[in-house]
Amino acid sequence: MHPILEALLLSAGYNSALVAIGAGLLGAAAGAVGTFLFLRKRSLVSDAISHATLPGIGLAFILMVALGGDGRNLLGLMAGSAVTAWLGLTLVEWASRRTRLAEDAAIGAVLSVFFGFGIVLLTVIQGMSAGKQAGLQGYLLGSTAGMLLQDAVVIAVGGLLAAAVVVLLRRPMTLVSFDPEFAAAAGYDVRRIDLAMLGLVMAVTVVGLKLVGLVLIVALLIIPPVTARFWTNRSDVAVLLSAAFGAVSGYVGSSISASAPDLPTGPIIVLSCFALFAVSLLFAPDRGVVASLVRHRRFQLKVHRRQGLLALAHGEPIYDRLTLSVLKRGGYLRPDGVPTDLGRDQAAHAYWDERRWEVARRIHQAEALAGRYDGLTPMEAVFTADEIAAIDRQLGPVSPAGRT
Amino acid sequence: MTPDGSAAKVVEEDPGLPLAVRGMTVAYGEKPVVFSVDARFPAQSMTAIIGPNGAGKSTLLKATLGVVPSLSGSVSVYGQPIAKARHRIAYVPQRASVDWDFPARVVDVVAMGLYRELGLLGMVSRKQRATLMHCLERVNMADFAGRQIGQLSGGQQQRVFLARALAQNADLYLLDEPFAGVDAATERAIIDVLKGLKAERRTIVSVHHDLSTVTDYFDRVLLLNIRKIAEGPTATTFTAANLQATYGGRLAATQINDLGLAHAGA
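Residues numbered from 1 in each chain as written. Chains lettered and ligands numbered in written order. Predicted model: local features only at pLDDT ≥ 70, side-chain atom pairs only at ≥ 80, totals over all residues. Heavy atoms only, no water.

### Focus on the interface of chain A and chain B
- Contact residues are listed per partner, giving 27 residues for chain A and 34 residues for chain B.
- Summed over both sides, the interface of chain A with chain B buries roughly 2,800 Å², with 59% coming from carbon and sulfur.
- Sorting the residues of chain A by area buried against chain B places R171, F178 and F182 of chain A first, and these three jointly supply 29% of that buried surface.
- R164 of chain B is paired through a salt bridge with D179 of chain A; the nearest N and O atoms lie 2.7 Å apart.
- For the pair chain A and chain B, the number of links is 11 residue pairs in polar contact (both at pLDDT 80 or more).
- Residue assignment for the side of chain A that touches chain B shows that the elements contributing at least two residues are α8 (149–178) and α9 (180–185) of chain A.
- Counting residues per element, the side of chain A that touches chain B draws most heavily on α8 of chain A, at 9 residues. (Contact = heavy atoms within 4.5 Å. Buried area = accessible area lost by both parts, 1.4 Å probe. Salt bridge = Lys/Arg side-chain N within 4 Å of Asp/Glu carboxyl O. Polar contact = N/O pair within 3.5 Å; in protein donor to acceptor, adjacent residues only side chain to side chain. Helix = DSSP H or I, 4+ residues; strand = E, 2+ residues; numbered from the N terminus.)

Next up, the structure:
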């Protein structure tokens with residue numbers, strides 16, 4: 001069996017099966033949490049949070065070694081990363097709230113300073129003689145090497161807890177994302193809900209550090225929600241879809257990474273995310289690129305057909321090649337450019353429709369109905385038969401039948 | 001018109017008074033945009049808050065609700081601190097304050113008016129779903145329940161916001177420029193709903209910018225330009241002299257004359 005397939009079917013060994021399940025759960029939690037961050041338009045905050053974990057990892061390692069323990073204890077490293085991540089998050093909040101710094105600038109400052117400090121700490125640790133520092137670099141880009149059952153359980157439990165909090169807070173978080181003023185007026189504490197949202201992001205980041213790495217964990221928080229948005233117009237559905245996309249990316253990505261030595265886990269998971277995103281971007285039914293190209297083209301043809309028919313009705317020559325080809329393909333023009341019976345009939349109808357609209361817009365000047373005039377919408381789609389009859393009376397004795 | 005201290009004390013404890021604001025001051029930076037405003041909004045009244053751009057009309061509403069922080073001032077709602085009476089208030093923010101590309105259908109937005117009732121985990125019951133549809137019917141938007149909100153016109157968006165406030169089933173309605181940039185049909189639909197609410201013994205306070213409709217729509221006015229200029233029944237308070245005092249030179253004398261108001265000052 002092919003190694004990738006083997007890994008996907010959880011038969012590539014105990015370790016990679018653990019990793020695949022853990023990564024799937026992590027992806028689901030990140031996708032769900034990330035959706036709210038995306039809806040709140042604060043996706044980039046996750047980047048500051050994740051980079052701010054690095055000094056915490058370094059400090060926790062040094063502290064654990066100093067206390068005579070194993071510096072690579074996952075729970076210890078997670079605790080350390082959470083502390084500095086929270087510090088970074090608080091700084092971003094404080095800077096954008098209390099100073100003239102905008103949030104994006106605060107994010108950039110915190111992200112780079114914390115990351116720089118973390119790298120310095122890692123360099124110091126490299127020079128230390130104790131504590132089995134090998135493997136600490138794995139927290140940058142993620143690794144599955146040396147993953148223990150205990151680690152997988154931590155990731156799984158963390159993912160499930162985050163998911164549970166999302167279920168509990170989904171309504172307040174949706175409301176605050178859509179309309180914070182209304183939420184505040186209704187008595188929700190917007191600031192605390194925002195903090196809870198960022199707390200969730202931090203939890204997912206800390207839990208995912210080992211597997212995906214702090215540089216790329218943001219991808220799991222940002223790409224699945226964006227992907228989900230292509231497929232749905234409902235926020236609750238977007239949360240579920242995003243969780244599903246995140247889970248698939250995590251599961252498939254870690255399986256592929258486990259199938260060959262030296263394939264970093266984080267980047268492969270991110271590339272899996274991107275594959276889903278690229279497919280959605282192109283082929284999503286309503287918001288996808290292909291769908292919108294098709295829609296635009298259809299609309300263009302409709303405009304040319306209408307303009308061509310009106311030109312026929314007025315007896316004007318048509319030079320536009322697209323208009324000519326639309327009319328010929330529709331059977332309104334013979335190949336030699338002479339209108340067919342159908343063409344004359346439809347041209348008269350279009351002409352009559354325009355005249356009716358002229359009257360309608362005079363009568364209904366102040367109404368929303370008049371706004372429905374776009375040169376394309378047929379009269380019958382907007383007005384009732386009685387209203388059209390009233391318009392025709394104003395137009396005089398000539399009926400559409402009389403014109404054809 | 002402003003009650004003295006002892007009178008205000010009595011007012012604040014009056015459970016029949018929907019909304020009383022005292023000494024409200026709000027500043028952005030160190031520039032007050034609302035300064036020491038006292039106002040009372042009696043039961044079953046429809047009050048327009050009127051004033052020029054930058055007069056602090058919206059800010060006064062938001063500070064009253066605690067949406068923006070105030071430097072000083074107290075608010076009582078039906079004789080209670082606002083924190084205890086939020087369930088009796090519905091708020092309609094400015095339509096432009098949200099991103100309408102948000103993934104939600106019309107019915108999802110209206111359902112936000114039920115969130116308090118639903119709690120964190122409650123499901124929307126059959127009865128509540130009927131309530132939502134009824135709220136949409138009141139603003140003539142029932143046919144749009146399943147529509148993505150990004151596809152609505154400005155007037156339709158405004159009606160959806162009003163339907164959400166109706167779903168809150170409140171006693172006091174605070175609206176921020178509900179008629180701004182809407183078509184004539186929407187304006188009629190909204191004013192019909194508001195008058196219906198008043199007939200149901202509810203109280204309405206609305207920031208309003210169109211001086212020509214004030215006398216038709218509202219029975220009370222609050223004239224504001226950072227400070228309160230005047231408040232009271234439209235007939236006696238919405239006068240040329242008070243408007244001149246509120247708008248200063250920003251309103252030409254001819255514009256005031258066009259309103260056809262009595263020239264006696266308040």
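From this point, things continue past the structure.
### A word on the packing of aromatic side chains
- Scanning the model with the defined rule gives 8 aromatic pairs over all chains in all.
- Judged by centre distance (6.1 Å) and plane angle (85°), the rings of F178 of chain A and W100 of chain B are edge-to-face. Separated into two different chains, F178 of chain A in helix α8 and W100 of chain B in the loop between β6 (89–92) and α4 (106–111) make up a pair that spans both. Accessibility assignment for this pair places F178 of chain A and W100 of chain B in one class, buried.
- Joined through ring pairs, the aromatic side chains of F178 of chain A together with W100, F102 and F161 of chain B make up one cluster.
- Note that R88 of chain B overlies the ring of Y78 of chain B, its terminal NZ or CZ placed 3.7 Å from the centroid. (Phe/Tyr/Trp six-rings, centres within 6.5 Å; stacked < 30°, edge-to-face > 60°. Buried < 20%, exposed > 50% of the residue type's maximum accessible area, 1.4 Å probe, protein only. Lys NZ or Arg CZ within 6 Å of the ring centre and 35° of its normal.)

### Focus on a nonpolar patch on the surface
Residue and element names in this part refer to chain A.
- Together, V279, L281, L282, F283, V289, V290, L293 and V294 make up a nonpolar patch on the protein surface, roughly 640 Å² of accessible area in all.
- Within the residue set of the nonpolar patch, elements represented by two or more residues are α13 (265–283) and α14 (289–314).
- Following the sequence through the fold, L293 ends up in helix α14. (Patch = residues over 30% accessible without salt bridge, like charges linked within 9 Å, V, L, I, M, F, W, Y side chains within 5 Å. Areas by Shrake-Rupley, 256 points an atom, 1.4 Å probe, with all protein chains shown as cover.)

### With respect to the pairing of strand β3 (residues 46–50) of chain B
Residues and elements named next belong to chain B.
- In terms of burial, β3 is largely enclosed, as 5 of its 5 residues are buried.
- Pairing of β3 with strand β8 (residues 203–207), which is carried by 4 bridges, proceeds in the parallel orientation. Across the sheet, the residue bridging to T47 is V205, located in β8.
- Bridging between β3 and strand β9 (residues 220–225) involves 4 bridges; their strand directions are parallel. Within the sheet, the bridge partner assigned to A48 lies in β9 and is V221. (Pairing = 2+ DSSP bridges.)

### Remarks on the pattern of salt bridges
Residue and element names in this part refer to chain B.
- Taken as a whole and judged by the stated rule, the model has 24 salt bridges over all chains.
- Its salt-bridge partner being D219, residue K198 comes within 2.9 Å of it at the nearest N-O pair. Placement of K198 in helix α8 (residues 184–199) and of D219 in the loop between α9 (214–217) and β9 is noted, with a sequence separation of 21 residues between them.
- On the basis of relative accessibility, which here comes to 27%, the residue K198 falls in the partly exposed class.

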